[in-house]
Amino acid sequence: MNTEMDWRSLASLLLFPVQMVFYMVKAAVSLLLPVRLRELSRDTVLITGGGRGIGRHLALEFAKQGARKIIIWGRTERCLKEACEEIQSLGVECHYFVCDVGNKEEVYQQAKAVREKVGDVTILVNNAAVVHGKTLIDSDDDALLKSQHINTLGQFWTTKAFLPRMLELQHGHIVCMNSVLALSAIPGAIDYCTSKSSSFAFMESLTLGLLDCPGVNATTVLPFHTSTEMFHGMKTRFPKLFPPLKPDTVARRTVEAVQTNQALLLLPWTMHLLVIMKSILPHTALEEIYRFTGSYACMDSFKGRT
Ligand SMILES: NC(=O)c1ccc[n+]([C@@H]2O[C@H](COP(=O)([O-])OP(=O)(O)OC[C@H]3O[C@@H](n4cnc5c(N)ncnc54)[C@H](OP(=O)(O)O)[C@@H]3O)[C@@H](O)[C@H]2O)c1
């Protein structure tokens, strides 16, 4: 018995590097081949913060790519209503619900209302977030708590509300609109960077936990600065070299990542270099990069949503 186990362990140990090389070659080859996109015609997509910004573009993109029904959540009814009408004008069924994702009771209550009025959600996009844009010392305690409640804990409640039914149906996808700031923080947005880092860990743990759940997957998107009102006023030193992303590009690439079942998406791809540099360069060199690129002081001119 023990000898048999030893042989098996030895065989899997020898097979392991071969598997690694196989997966790397497969990933490299798939970059060269045309992508096969998953059909969305069976899917009902719920997007938190879908009334404006990237969330609104996401709702439109899912509708354009053939999703069956779209549901958007947010706090401002006027924006939700406008976005909903825009989606309906494309001939796609759309519903909106006013819901503060930072409020656990409200999330569970509105999730129940969604199930009763619209049906099962099969794609959940956790997109809603806020940023206060201040240092720790300058931040009001309530503001610090609020961003953790909305940006991180909100995802606990929405995912707990919709994931069980996806697991029953063996059909579902959880998407997190995160940020590169989860991997490389900046001063002056301490609440936001902290919340995005913890939400990154949340998604990593959730994604691994779904490995043995057939038909249910997850995608984490980490975009660079995007031209919405969220970071209005923020300035980088070389805006021509590092221009902000367009929200429709972020939305298009996100929907594509869902359709190709990509677990992690960094936007633009050059952000991978940042991750490599962070893991190999000495801290003094990194500090110099932050100073040189201006990311050290980019929040000094931050105004945010007005
Ligand atoms: N803009 C960037 O540079 C950038 C870069 C990387 C990642 N991201 C991420 O992309 C996502 C969308 O950002 P964005 O740029 O589109 O920001 P945005 O324009 O400020 O939109 C944020 C959305 O979240 C909603 N929201 C905020 N608090 C909420 C709450 N408590 N409950 C429900 N909805 C709430 C807002 O609607 P209401 O205010 O009406 O509730 C709005 O629809 C966020 O997760 C953000 O962290 C943004």
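So, how was this worked out
- Residues numbered from 1 in each chain as written.
- Predicted model: local features only at pLDDT ≥ 70, side-chain atom pairs only at ≥ 80, totals over all residues.
- Heavy atoms only, no water.
- Helix = DSSP H or I, 4+ residues; strand = E, 2+ residues; numbered from the N terminus.
- Polar contact = N/O pair within 3.5 Å; in protein donor to acceptor, adjacent residues only side chain to side chain.
- Contact = heavy atoms within 4.5 Å.
- Buried < 20%, exposed > 50% of the residue type's maximum accessible area, 1.4 Å probe, protein only.
- Pairing = 2+ DSSP bridges.
- UniProt positions renumbered as here; feature names shortened; annotations may be inferred.
- Patch = residues over 30% accessible without salt bridge, like charges linked within 9 Å, V, L, I, M, F, W, Y side chains within 5 Å.
- Areas by Shrake-Rupley, 256 points an atom, 1.4 Å probe, with all protein chains shown as cover.
- Salt bridge = Lys/Arg side-chain N within 4 Å of Asp/Glu carboxyl O.
- Core = buried A, V, L, I, M, F, W, Y, C linked by side-chain atoms within 4.5 Å.
- Axes fitted to C-alpha atoms, helices over the stretch in contact; angles between N-to-C directions.
- Parallel < 35°, antiparallel > 145°, perpendicular 65-115°, else oblique.
- Left-handed = near helix turned anticlockwise from the far one by under 90°.
- Nonpolar A, V, L, I, M, F, W, Y, C, P; charged D, E, K, R; others polar.

(A) Broad picture of the side chain of Ser 184. Along the chain, the position of Ser 184 falls in the loop between β5 (172-177) and α6 (190-209). Among the polar contacts listed, one links the side chain of Ser 184 to the side chain of Tyr 290, at a separation of 3.0 Å. Setting aside chain neighbours within four positions, we find Ser 184 in contact with Leu 274, Lys 278 and Tyr 290.

(B) Region of the structure containing the pairing of β5. Among the six residues that make up β5, six are buried, leaving the element largely enclosed by the rest of the structure. Because side chains alternate across β5, one face comprises the buried residues Gly 172, Ile 174 and Cys 176, and the other comprises His 173, Val 175 and Met 177, equally buried. Relative to β5, strand β4 (residues 123-126) runs parallel, the two sharing four bridges. Across the sheet, Val 125 pairs through a bridge with Val 175, a residue of β5.

(C) Representation of the UniProt feature "domain: Ketoreductase" (unreviewed entry) in the protein within the structure. If you check UniProt for "domain: Ketoreductase" (unreviewed entry), the listed places come out as residues 43-224 in our numbering. A helix fraction of 48% and a strand fraction of 19% characterise residues 43-224, whose end C-alpha atoms lie 28 Å from each other.

(D) Main features of a nonpolar patch on the surface. A cluster of nonpolar side chains, Phe 16, Met 20, Phe 22, Tyr 23 and Met 24, forms an exposed patch at the surface whose accessible area comes to about 570 Å². Along the chain, Met 24 falls in helix α1 (residues 2-32).

(E) Seen up close, the nonpolar core. Formed by 38 residues in total, the largest nonpolar core has its most connected members in Ile 47, Leu 58, Phe 62 and Ile 70. By residue number, the principal contributor to this core is helix α2 (residues 53-64), which donates six residues. The residues contacting Phe 62, other than those within four sequence positions of it, are Leu 40, Val 45, Ile 47, Ala 67, Ile 70, Ile 123, Val 125, Val 255 and Val 258. Within the second largest apolar cluster, 27 residues are counted, among which are Ala 111, Val 121, Met 203 and Ala 218.

(F) The arrangement of the pattern of salt bridges in detail. For the coordinates displayed, the defined rule picks out nine salt bridges. The residue Arg 78 makes a salt bridge to Glu 82 at a minimum N-O spacing of 4.0 Å. Note that Arg 78 and Glu 82 are positioned in helix α3 (residues 77-88) at a spacing of four residues, about one turn of the helix. A relative accessible area of 38% places Glu 82 in the partly exposed class. Where Arg 165 meets Asp 120, a salt bridge forms, and the shortest distance between an N and an O atom there is 3.1 Å.

(G) Local environment of the side chain of His 225. Positionally, His 225 belongs in the loop between β6 (216-223) and α7 (247-259). In this structure, His 225 is in contact with Phe 231, Met 234, Pro 244 and Leu 245, ignoring residues within four places of it in sequence.

(H) Inspection of the packing of helix α4 (residues 104-117) against helix α5 (residues 141-169) at higher detail. As a packed pair, α4 and α5 sit with axes 9 Å apart at the nearest point and diverge in direction by 30°. By the angle between their axes, α4 is roughly parallel relative to α5. In the crossing of α4 with α5, the sense of the turn from one axis to the other is right-handed. Between α4 and α5, the residues in contact are Lys 104, Val 107, Tyr 108, Ala 111, Val 114 and Arg 115 and Trp 157, Thr 158, Lys 160, Ala 161 and Phe 162, respectively.

(I) Quick peek at the packing of α2 against α3. Where α2 contacts α3, the two axes come as close as 10 Å, and the packing angle between them is 20°. The angle between α2 and α3 falls in the class roughly parallel. Handedness of the crossing formed by α2 with α3: right-handed. Each of Arg 56, Ala 59, Leu 60 and Ala 63 in α2 lies in contact with α3, whose residues at this interface are Cys 79, Glu 82, Ala 83, Glu 86 and Ile 87. In terms of residue class, the contact of α2 with α3 is built from six nonpolar, no polar and three charged.

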